[in-house]
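Listed below, chain by chain, are the residues.
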Amino acid sequence: MTAAMPAKAKHSRAPLVAAFAVALLFALAPLFIKDQFTIQVLLLVLMFGALGAAWNLVGGFLGRISFGHGVFVGVGAYTTILLLHHMKVTPLLGIPAGALVSAVLAWLVGGPTLRLSGHYFAMATIALLQIGLLLMINWDWAGGAVGVEAPIGDSPLMLLFRTKTPYYWIAVGLALLTFLLTYFLVHSRTGFYWRAINGDEAAARSLGVPADRYKMLAFVLSAAVTGAWGGFFAMYVGFIDPESTFSLTMSVQVVLVAILGGVGTLVGPWIGAAVLLPLSEGTRVMWGSSGLGLDLLVFGLAILLVTMFLPGGLITLRGRRGSA
């Protein structure tokens, strides 16, 4: 007996049209915006929106809250930059390699961890992140605690540029691909099974849903996308160390982006990133050097207000306006 599938519906193509339109606007931004700080903030919005969308496959649609996705950022970043640093492999191959290594890691650890649920799964992912941090700190070939730098140069083949603009355009393309991937996954049989498992795993199994296989698929795909962005992040920054990549802070920020925008929705993580990152970067620049922690105070207050009055995320504002 197999799980009952809903009749094949014609899904609205409006989100796809909107995605291409927004991507075009973002791509044109450097032609009109010359301030490099603004370009960097827009790039971070794209990157964390995509990371939130990747996390959302597991945390939103599957319902397994992970606080350890920073490990996949770190694996992707280190794979890309070490292949370039030691073997002169172009990041055009290194970034997909980082995604592959992250996917393999997710497959290896997914078996035991995905059997857990609730806070047990969350704690297991944090433990995985801390193990990765300790291993990288003590791995001399990867630079140890000091980290490793990307070469300085100007070579498009090696993704080495002297300005932020080329990296920004690459981020626009990767963000569009990430959205398209999540869109088609969510509107497929796979996405239907994920939501069924999230709603009631026992009931889904009784209807013939191969829950273990689809939980693993969500975890592996999420890790692969996250690893690819980790590789891009390494090339953009030009320097990585264990503390900046295998970071609990980054993992939590990815989760917050999705929660603030709306967990289990396609555009929620992107909305969360569009609000969270400008606020974070703006308050950090304004008050970060004061030593009073005012930037963290404003940042935390904004998160508190959203979670108190919009528990479903910022995307629920649309529903409230419609109801009104």
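Relevant structure appears above.
Just so you know, these numbers come straight off a predicted model, no measurement behind them.

(A) Main features of the overall build of the protein chain. Along the protein chain, the regular secondary structure elements total 14 helices and two strands. For 324 residues, the compact-globule formula gives about 20 Å, and the C-alpha radius of gyration of the protein chain, at 20 Å, lands near that figure. For the C-alpha atoms alone, the extent of the protein chain along its principal axes is close to 60 × 45 × 40 Å. Here the protein chain holds 324 residues, and 48% of them are scored as buried. Only carbon and sulfur atoms are counted for the fraction: they give 71% of the accessible area of the protein chain, which is about 15600 Å².

(B) Molecular detail of empty space enclosed by the protein. Overall, the coordinates contain one cavity of 30 Å³ or more when judged by the stated rule. Empty space within the largest cavity amounts to approximately 40 Å³. What lines the largest cavity is Ala53, Asn56, Leu57, Phe61, Thr182, Thr265, Leu266 and Pro269. With four residues, the top contributor of residues to the lining of the largest cavity is helix α2 (residues 36–62). Partitioned by chemical class, the residues of the lining of the largest cavity number five nonpolar, three polar and no charged.

(C) How the structure looks around the packing of α2 against helix α9 (residues 211–237). It is at 8 Å that the axes of α2 and α9 come closest, and there the two elements cross at 165°. By the angle between their axes, α2 is roughly antiparallel relative to α9. The handedness of the crossing between α2 and α9 comes out as left-handed. Listed contacts from α9 to Gln40, Leu43, Leu46, Met47, Ala50, Leu51, Ala54, Trp55, Leu57, Val58 and Leu62 of α2 are Lys215, Ala218, Phe219, Leu221, Ser222, Val225, Thr226, Trp229, Phe232, Phe233 and Tyr236. Along the lines of polarity and charge, the residues of the contact of α2 with α9 split into 18 nonpolar, three polar and one charged.

(D) How the structure looks around the side chain of histidine 69. Within the secondary structure, histidine 69 is located in the loop between α2 and α3 (70–87). In contact with histidine 69, not counting residues within four places along its chain, are Trp55, Phe219, Ser222, Thr226 and Ser251.

(E) Representation of the nonpolar core. Ranked by internal contacts, the top residues of the largest apolar core, which has 96 residues, are Phe48 and Trp229. When neighbours within four sequence positions are excluded, phenylalanine 48 is seen to be in contact with Met250, Gln253, Val254, Val257, Ala273 and Leu277.

(F) Spotlight on the pattern of salt bridges. Scanning the model with the defined rule gives five salt bridges in all. For arginine 64, the salt bridge goes to glutamate 201, with nearest N and O atoms at 2.6 Å. Separated by 137 residues along the polypeptide, arginine 64 in the loop between α2 and α3 and glutamate 201 in helix α8 (residues 201–206) bring together distant segments of the chain. Judged by relative accessible area, arginine 64 falls into the buried class, the value being 7%.

(G) Local environment of a nonpolar patch on the surface. Together, Leu24, Leu28, Leu31, Phe32 and Trp169 line one region of the surface with nonpolar side chains, adding up to about 550 Å² of accessible area. Per-element tally for the nonpolar patch: the top contributor is helix α1 (residues 14–32), with four residues. Along the chain, the position of leucine 28 falls in helix α1.

(H) Representation of the environment of valine 252. Within the fold, valine 252 resides in helix α11 (residues 248–261). Look at valine 252 and you get partly exposed, because its relative accessible area is 30%. Considering only alpha carbons, one finds valine 252 and glycine 312, 60 residues apart in sequence, at a separation of 18 Å.

Rules of the game
Sequence order sets the numbering: in each chain, residues are counted from 1 along the sequence as written. Only residues with pLDDT of at least 70 are given local features in this predicted model, and only at 80 or more are side-chain atom pairs given and counted; all residues enter the totals for whole chains, interfaces and linings. For side-chain calculations, the full set of non-hydrogen atoms in the structure is used, while hydrogens and water are omitted. Elements are defined by DSSP. Helices are runs of H or I of four residues or more, strands are runs of E of two residues or more, and each kind is numbered from the N terminus. Atoms counted for the radius of gyration: C-alpha only. Globule rule: 2.2 Å times residue count to the power 0.38. A simple rule labels every residue: compare its accessible area, found with a 1.4 Å probe on the protein chains alone, to the largest value its type can have, and call it buried under 20%, exposed over 50%, or partly exposed in between. What sets the accessible areas is the Shrake-Rupley method with a 1.4 Å probe; for residues, cover comes only from the shown protein chains. Only protein atoms enter the 1 Å grid used here. Points where a 1.4 Å probe fits but cannot escape make up a cavity, open sets with protein on both sides within 12 Å along at least five of seven lines make up a pocket, and a residue lines them when an atom lies within 4 Å of a point. Grid points are joined across faces, edges and corners, and a volume is the space filled by probe spheres set on the points. When residues are sorted by character, Ala, Val, Leu, Ile, Met, Phe, Trp, Tyr, Cys and Pro go into the nonpolar class, Asp, Glu, Lys and Arg into the charged class, and all the rest, Gly among them, into the polar class. Working convention: axes come from line fits to C-alpha atoms, limited for helices to the stretch in contact. Angles between N-to-C directions cover 0 to 180 degrees. The cut-offs work like this: below 35 degrees is roughly parallel, past 145 is roughly antiparallel, 65 to 115 is roughly perpendicular, and the gaps in between are oblique. Two helices crossing with the near one rotated counterclockwise from the far one by less than a right angle form a left-handed crossing, whereas a clockwise rotation gives a right-handed crossing. The contact criterion used throughout is that any non-hydrogen atoms of two residues lie within 4.5 Å. Residues grouped as a nonpolar core are buried Ala, Val, Leu, Ile, Met, Phe, Trp, Tyr and Cys residues, joined through side-chain atoms within 4.5 Å. Each salt bridge in this description consists of a side-chain nitrogen of Lys or Arg and a carboxyl oxygen of Asp or Glu lying within 4 Å of one another. Patch membership requires over 30% relative accessible area and the absence of a salt bridge. Like charges are linked within 9 Å, and nonpolar side chains (Val, Leu, Ile, Met, Phe, Trp, Tyr) within 5 Å.

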